[in-house]
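# A look at the structure
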Amino acid sequence: MRKVWKWSGIFAGVLLALSVVYVIYVFIAYDRLPDKMTLQVAESGENSDFKNSDKFSGKKSYSIMTYNIGFGAYQPDYSFFMDGGKNSWGKDEESVKDAVCGAGEFVRSLDPDFVLLQEVDRDGTRSYHIDELELLNEFVRGYYYTYAQNYDSPFLFYPPWEPHGANKAGLVSYSRGEIADAVRRSLPISESFSKFVDLDRCYAISRIPVKDGKMLCLYNMHMSAYGSSDEIRTGQLSMLYEDMEADYSAGNYVICGGDFNHNLRTENQENAPEWAYLFPRESLPGGFKMAMDEAEDPEDIAHDSCRNADKPYDEKTTYTVTLDGFIISDNVIVNSYRHLDCGYQFSDHDPVVMEFTLE
């Protein structure tokens, strides 16, 4: 009996020591990229049709899409552990490639002038170390683009049955017109232990010259989701608004799209989970509006852009909410606005597409 207690004590001591070493490793490995980083502008293949940025003017209607591709994991049968489900990784390498390629093919079929993507993994345990940006560029060709990293985790040993591992992911912004400059802004996040799931939240600003001498300023945004306080949510929006107002005051056109992790409808939904916060429209600065409010036909926005991933998708029972969309300055005119119903085939999100004119 003494030997049993002895070896049990040794085992417990080793386990405690390993836990302490791991916690130290996580704290040491934690790092955030500096604010106001200049982003590199690259091209996804030949861009002959739009080499001259003077093509962009107030005389033509343009299209823009926002789409959170969910790192290629969220096919309809997928549930995510942080939402109460069971999975941490994509089903397998092939399924992740299929989902990313499916999303890329869908973008190609719509052929928008601008594309804002979120949760694009570059090197992740959860996505089998597939460079999803490289894969997407095979489909989304003929664009200028920027990549802004907003997630870079040390190796996370949670959940124990399928450790989430180490992952790098970010935001990709595509533009038919040449991007004159692009910058990454680091959002305020929690300073508590929850920062290890929020990591390096940011938004990216890409500025495209327009014929009238102004800039079309595209903001690609992915706000915090898990464990955020009212203070953090308010801080993130305040920072975003400050930059948007500065671009608007300079006479530019502003479109901010992405995953806002807020319910973008005007009313709370019945049986909504705690995380589905209503977006504070009253906080929008003067000269800005929620673009979905300009949709002419309610049927165009009847479909919700996101499903709950606590269990596999069931059209009849799964909770859905609209988290994705656009905020625009009042010199951007909405011609059409649509929530596309893809049945959450490639992600737990579906795309939102807007056609617009520069006033």
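Further up the page is the structure itself.
Residues numbered from 1 in each chain as written. Predicted model: local features only at pLDDT ≥ 70, side-chain atom pairs only at ≥ 80, totals over all residues. Heavy atoms only, no water.

What the protein contains, in helices and strands, is five helices and 16 strands. For the protein, the computed accessible surface area is about 16100 Å², with 53% contributed by carbon and sulfur atoms. (Helix = DSSP H or I, 4+ residues; strand = E, 2+ residues; numbered from the N terminus. Areas by Shrake-Rupley, 256 points an atom, 1.4 Å probe, with all protein chains shown as cover.)

Right, let's talk about the pairing of strand β7 (residues 181-186) for a bit. With respect to burial, β7 is a largely interior element, five of its six residues being buried. Taken together, the six bridges between β7 and strand β8 (residues 202-209) define a ladder with antiparallel strand orientation. Its bridge partner being in β8, Ala 182 is matched across the sheet by Ser 206. (Buried < 20%, exposed > 50% of the residue type's maximum accessible area, 1.4 Å probe, protein only. Pairing = 2+ DSSP bridges.)

This part takes up the packing of aromatic side chains. One pass over the full model with this rule turns up 17 aromatic pairs. With a centroid separation of 5.7 Å and an interplanar angle of 70 degrees, the aromatic rings of Tyr 143 and Tyr 174 are classed as edge-to-face. On the criterion of sequence distance, the pair formed by Tyr 143 in strand β5 (residues 143-152) and Tyr 174 in strand β6 (residues 167-175) is long-range, its members being 31 residues apart. Residue Tyr 143 is classed as buried on the basis of its relative accessible area of 2%. Between Phe 155 and Phe 157 the ring centres are 4.8 Å apart and the planes differ by 55 degrees, which places this aromatic pair in the tilted class. One aromatic cluster is present, built from ring pairs that chain together Phe 71, Tyr 74, Tyr 78, Phe 80, Phe 81 and Tyr 158. Directly above the ring of Tyr 147 sits Arg 122, whose terminal nitrogen or CZ lies 4.9 Å from the centroid. If you follow Arg 176 out to its NZ or CZ, it ends over the ring of Tyr 143, 4.1 Å from the centre. (Phe/Tyr/Trp six-rings, centres within 6.5 Å; stacked < 30°, edge-to-face > 60°. Lys NZ or Arg CZ within 6 Å of the ring centre and 35° of its normal.)

This next bit is on the nonpolar core. Core analysis: the largest hydrophobic core is formed by 54 residues, its most contacted members being Leu 216, Ile 255, Phe 326, Tyr 337, Met 354 and Phe 356. If we skip the residues at most four places from it in the chain, Tyr 337 touches Ala 291, Met 292, Ala 295, Asp 300, Ile 301, Asp 324, Gly 325, Phe 326, Val 352, Val 353 and Met 354. (Core = buried A, V, L, I, M, F, W, Y, C linked by side-chain atoms within 4.5 Å. Contact = heavy atoms within 4.5 Å.)

Taken as a whole and assessed by the stated rule, the structure comprises 14 salt bridges. One salt bridge in this structure joins Arg 207 and Asp 181, with 3.2 Å as the shortest N-O distance. Remark: Asp 181 occurs in strand β7 and Arg 207 occurs in strand β8; sequence separation between them is 26 residues. For Asp 181, a relative accessible area of 31% corresponds to the partly exposed category. Residues joined in a network through salt bridges with shared partners are Asp 35, Arg 185 and Asp 243. (Salt bridge = Lys/Arg side-chain N within 4 Å of Asp/Glu carboxyl O.)

Right, let's get into helix α2 (residues 93-110). For α2, with 18 residues, the first-to-last C-alpha span of 26 Å sits near the 26 Å given by 1.5 Å per residue. Residues of α2 that are buried include every one of Ser 95, Val 96, Ala 99, Val 100, Gly 102, Ala 103, Gly 104 and Val 107, and no others. Looking at the buried residues of α2, the elements they touch are β3 (61-68), β4 (114-124) and α3 (132-136). One side-chain oxygen of the residue at the start of α2 lies 3.2 Å from the amide nitrogen of Glu 94, identifying that residue as Asp 92. One or two residues past the end of α2 sits Asp 111, with phi positive at roughly 55 degrees. (Expected span 1.5 Å × (residues − 1). Polar contact = N/O pair within 3.5 Å; in protein donor to acceptor, adjacent residues only side chain to side chain.)

This part is about helix α5 (residues 230-249). Given a rise of 1.5 Å per residue, 20 residues ought to cover 28 Å, and the 28 Å separating the end C-alpha atoms of α5 matches this to within 8%. When α5 is considered as a whole, its buried residues turn out to be Ile 232, Arg 233, Gln 236, Leu 237, Met 239, Leu 240, Tyr 241, Asp 243, Met 244 and Asp 247. Downstream of α5 by one or two residues, Gly 251 has phi in the positive range, about 90 degrees.

A few words now on the sheet that holds strand β2 (residues 42-44). Read from one edge of the open sheet, seven strands run β2-β5-β6-β4-β3-β16-β15, paired in mixed fashion. Edge positions in the open sheet fall to β2 and β15 (332-339), since each of these has one partner strand only. Each adjacent strand pair in this sheet contributes to an overall mean axis angle of 30 degrees, direction not counted. Sheet analysis places β15 next to strand β16 (residues 352-358), joined by seven bridges and oriented antiparallel. When the bridges of β16 are listed, His 339 appears paired with Val 352. α2 contacts β3, β4 and β16 of the sheet and is inclined by roughly 170 degrees relative to β3. (Axes fitted to C-alpha atoms, helices over the stretch in contact; angles between N-to-C directions.)

Mapped onto the elements, Ser 175 comes out in strand β6. Here the side chain of Ser 175 touches Gly 177 through a polar contact of 2.7 Å, landing on its backbone oxygen.

The buried fraction of β5 amounts to nine of the 10 residues, a majority that puts the element mostly inside the structure. Sheet analysis places β2 next to β5, joined by three bridges and oriented antiparallel. Each bridged residue has a counterpart across the sheet, and for Ser 44 the counterpart in β5 is Tyr 143. Both β5 and β6 contribute to a ladder of eight bridges, which runs antiparallel. The partner of Gln 149 across the bridge, within β6, is Gly 170.

With that settled, consider the sheet that holds β8. Through backbone hydrogen bonds, the strands of a sheet pair up, either in parallel or in antiparallel fashion. Within the open sheet, the seven strands sit side by side as β1-β7-β8-β9-β10-β14-β11. Their pairing is mixed. In this open sheet, the two strands that pair with only one neighbour each are β1 (37-38) and β11 (288-290). Across five bridges, strand β10 (residues 253-259) lies against strand β14 (residues 324-329) in antiparallel orientation. Note on β14: the bridge partner recorded for Ile 255 is Ile 328. Contacts between α5 and the sheet are confined to β7, β8, β9 (215-222), β10, β11 and β14, with β9 contributing the most and set at about 170 degrees to the helix.

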